[in-house]
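# Tertiary structure, described
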Amino acid sequence: METCPLVSAPCPEEAVRALFGASARIESRRPVSGGCINRARRLRLQDGTLLFLKDQAGARATSPPFMFAREAEGLVALGRAAGGPRVPRPLAIGADERQPFLLMEWITPGSAGVGCYEEFGRALAAMHRETAPAFGFEHDNYIGATLQPNGWERDFTTFFGERRLGYQITLAESRGRASRAMVRGVHRIIERLDELLAPVVTRPALLHGDLWSGNHMIDDQGRVAIIDPAVYFGAPEADLAMSEMFGRLPRQFYDAYQEVAPSAPGYEERREIYNLYHALNHLNLFGGGYAGAVTAAVQRYG
Ligand code: ADP
């Protein structure tokens, strides 16, 4: 696919014309399943070009403002990482916030090729080598439908304490989803972050940010592509931890990653601190079923 700048258009039809010429038109739209929030479809243009479209029509939840613009910026940041995994290129976003959409490169689904998870492990390690002068990101974005506050912070424990755990526990409290003991426990963990994480997290690394198993797919070359990110510069272990939260990736992925970028000793002891962020986010998004995961982390680290 040719390189095109991200265009802003009132509707997908106009976006397609701006990207592919005045005569370009959408010939068919086919539903794509698997998303958690938005309506997803595969578009076919009259010349056979395939595109992926997310929009809000009939979606299960209303997207917060500029969600797709933030997703597009995250995809661009990941796509720039030298030697990183495949990332779909965003092509167009909706100019009208009342009819938001995100149009991107279509990734034809395939089945896992030989060595694809080793390659993914090495590629993720390469992506994690991308760095920034501080922890955070240039704008706030979203994790699922929850705001993910960013900005910049010089040390990771302050960043993770305030803008990840602190933000989520305050949200859970305001929604009546966190007990007093849970709130106190999460704050105790925040106070311990320096001792628990500061010695091992010294360099900001470009993260996918929401790397659970549903956010990778296999393309028609049998290679792994990553989708639907919540990008920021943080602790590389946070991506590894999330990849283990809802079923692990194949062992070859972890072996290859560790060969290139070995974790500091004790990663398993830290893993559930990073995943506490996602447990709190799930508590905020989906409710009480996730309280147990939060309580377990509080009992372990609080
Ligand atoms: P949501 O924002 O609703 O969570 P996702 O970004 O997860 O939606 O996309 C929904 C599904 O569409 C994914 O599970 C994946 O199977 C598929 N998908 C996502 N991006 C692409 C793409 N660029 N090309 C082809 N299929 C895609």
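From a predicted model like this one, the values you see are computed outputs, not experimental measurements.

About the cut-offs
The residue count restarts for each chain, going from 1 along the sequence in the order it is written. Given that this is a predicted model, residues contribute local features only at a pLDDT of at least 70 and side-chain atom pairs are listed and counted only at 80 or more, while totals for whole chains, interfaces and linings are drawn from all residues. Excluding hydrogens and water, the side-chain figures rest on all heavy atoms present in the structure. For helices the rule is a DSSP run of H or I covering at least 4 residues; for strands it is a run of E covering at least 2, with both sets numbered from the N terminus onward. Contact definition: two residues touch when any of their heavy atoms are within 4.5 Å. Charge convention: Lys and Arg are scored as positive, Asp and Glu as negative, and His as well as the terminal groups of each chain are ignored. Where a charge lies is defined by one atom per residue type, namely NZ (Lys), CZ (Arg), CG (Asp) and CD (Glu). Side-chain atoms within 4.5 Å are what join buried Ala, Val, Leu, Ile, Met, Phe, Trp, Tyr and Cys residues into a set we call a nonpolar core. Categorising residues by exposure relies on relative accessible area from a 1.4 Å probe, with only protein chains included: less than 20% of the type maximum marks a residue as buried, more than 50% marks it as exposed, and the intermediate range marks it as partly exposed. Where each domain starts and ends follows an automatic or database-derived domain assignment. Summed over both partners, the accessible area lost on bringing two parts together, with a 1.4 Å probe, is the buried area. We define a salt bridge as a side-chain nitrogen of Lys or Arg found within 4 Å of a carboxyl oxygen belonging to Asp or Glu. Within 3.5 Å is the distance limit for a polar contact, defined as a pair of N or O atoms, with the added protein rule that one can donate a hydrogen and the other accept it, and that residues adjacent in sequence qualify only through two side-chain atoms. When residues are grouped by polarity, Ala, Val, Leu, Ile, Met, Phe, Trp, Tyr, Cys and Pro land in nonpolar, Asp, Glu, Lys and Arg in charged, and all others, Gly among them, in polar. Taking the helix axis as origin, the arc is that swept by the directions to the C-beta atoms. Strands are treated as partners if at least two bridges between them are detected by DSSP. To estimate the expected span of a helix, subtract one from its residue number and multiply by 1.5 Å. We define the bend at each residue as the angle formed by axes fitted to the 7 residues ending at it and the 7 residues starting at it. The cutoff for a nearby residue is simple: one of its non-hydrogen atoms must lie within 4 Å of the molecule or strand. To be clear on the numbers: accessible area is Shrake-Rupley with a 1.4 Å probe, and residue cover counts the displayed protein chains and nothing else.

Turning to the overall build of the chain, a few remarks are in order. A count of helical and extended segments in the chain gives nine helices and 14 strands. By principal-axis analysis of the C-alpha atoms, the chain measures approximately 60 × 45 × 35 Å. Of all intrachain contacts in the chain linking residues separated by at least 6 positions in sequence, the fraction that spans at least 24 positions is 65%. Taking the average location of the 33 positive side-chain charges in the chain and that of its 35 negative ones, the two points are 4 Å from each other.

So, about the nonpolar core. Most often, soluble globular proteins have nonpolar side chains that are buried together. Membership of the largest hydrophobic core comes to 72 residues, with the highest contact counts inside it found for Phe120, Phe156, Phe160, Leu165, Leu197, Tyr274 and Val294. The greatest single-element share of this core, amounting to eight residues, is contributed by helix H8 (residues 267–286). Here this core spans two domains, since at least three of its residues come from each of domain 1 (7–105) and domain 2 (116–301). The contacts of Val294, once residues within four sequence positions are left out, are Met182, Val186, Leu276, Ala279, Leu280 and Leu283. Counting residues in hydrophobic clusters, the runner-up holds 15 residues, among them Val16, Leu43, Leu51 and Leu103.

Where interface size is quoted, it is often the accessible area lost as the parts come together. In terms of domains, the chain is made up of domain 1 (7–105) and domain 2 (116–301). For domain 1 versus domain 2, the distance between C-alpha centres works out to 26 Å. Its largest share of buried area at the contact with domain 2, domain 1 owes to Leu78, Pro85 and Arg86, together 33% of the area lost on that side. Across the contact surface, domain 1 and domain 2 share two salt bridges. Taken together, domain 1 and domain 2 are joined by five residue pairs in polar contact (both at pLDDT 80 or more). With eight residues, helix H2 (residues 67–79) is the single largest residue contributor to the side of domain 1 that touches domain 2. Considering only residue class, the side of domain 1 that touches domain 2 consists of 14 nonpolar, three polar and five charged.

What follows is about helix H7 (residues 251–260). Helical geometry note: an α-helix holds 3.6 residues per turn, so side chains three or four residues apart project in the same direction. Those residues of H7 that sit buried are Phe253, Tyr254, Ala256 and Tyr257. Angular distribution of buried residues about the axis of H7 spans 165°; they occupy a single face of the element. Turned more than 90 degrees from where H7 packs its buried face, Arg251 and Glu259 sit exposed. As for H7, its buried residues are in contact with helix H3 (116–129) and helix H6 (236–243).

Further remarks concern the pairing of strand S2 (residues 26–32). In this structure, S2 lies alongside strand S3 (residues 39–45), joined through six bridges in antiparallel fashion. Directly across from Ser28, in S3, lies its bridge partner Arg44. Linking S2 to S3, which pair antiparallel, is a turn of six residues; within it Gly34 sits at a positive phi near 115°.

Between its first and last C-alpha atoms helix H5 (residues 180–197) spans 25 Å; for 18 residues at 1.5 Å apiece the expected length is 26 Å, and the two agree. A bend of about 45° at Glu191 is the largest found in H5. Where the residues of H5 are buried, they touch helix H4 (156–174), H8 and helix H9 (291–301).

With that out of the way, let us pick up the site of the ligand. Residues in close proximity to the ligand total 17 residues, the closest being Ile37, Asn38, Lys54, Glu105 and Ile107. Within the backbone of Ile37, one N or O atom sits 2.9 Å away from an oxygen atom of the ligand. In this structure, Ile107 approaches the ligand through a main-chain N or O atom, which is 2.9 Å from a nitrogen atom. For the ligand, whose free accessible area comes to 550 Å², the fraction covered by protein is 91%. Considering only residue class, the shell around the ligand consists of 10 nonpolar, four polar and three charged. Domain assignment of the residues forming the shell around the ligand places at least three in each of domain 1 (7–105) and domain 2 (116–301).

Turning our eyes to something else, we now look at the environment of Gly161. Secondary-structure assignment places Gly161 in helix H4. With relative accessibility at 3%, the residue Gly161 sits in the buried group. Counting along the chain gives 116 residues from Gly161 to Leu45, while the straight-line C-alpha distance between them is 47 Å. Residues contacting Gly161, with those up to four places away along its chain left out, are Gly166, Ile190 and Leu193.

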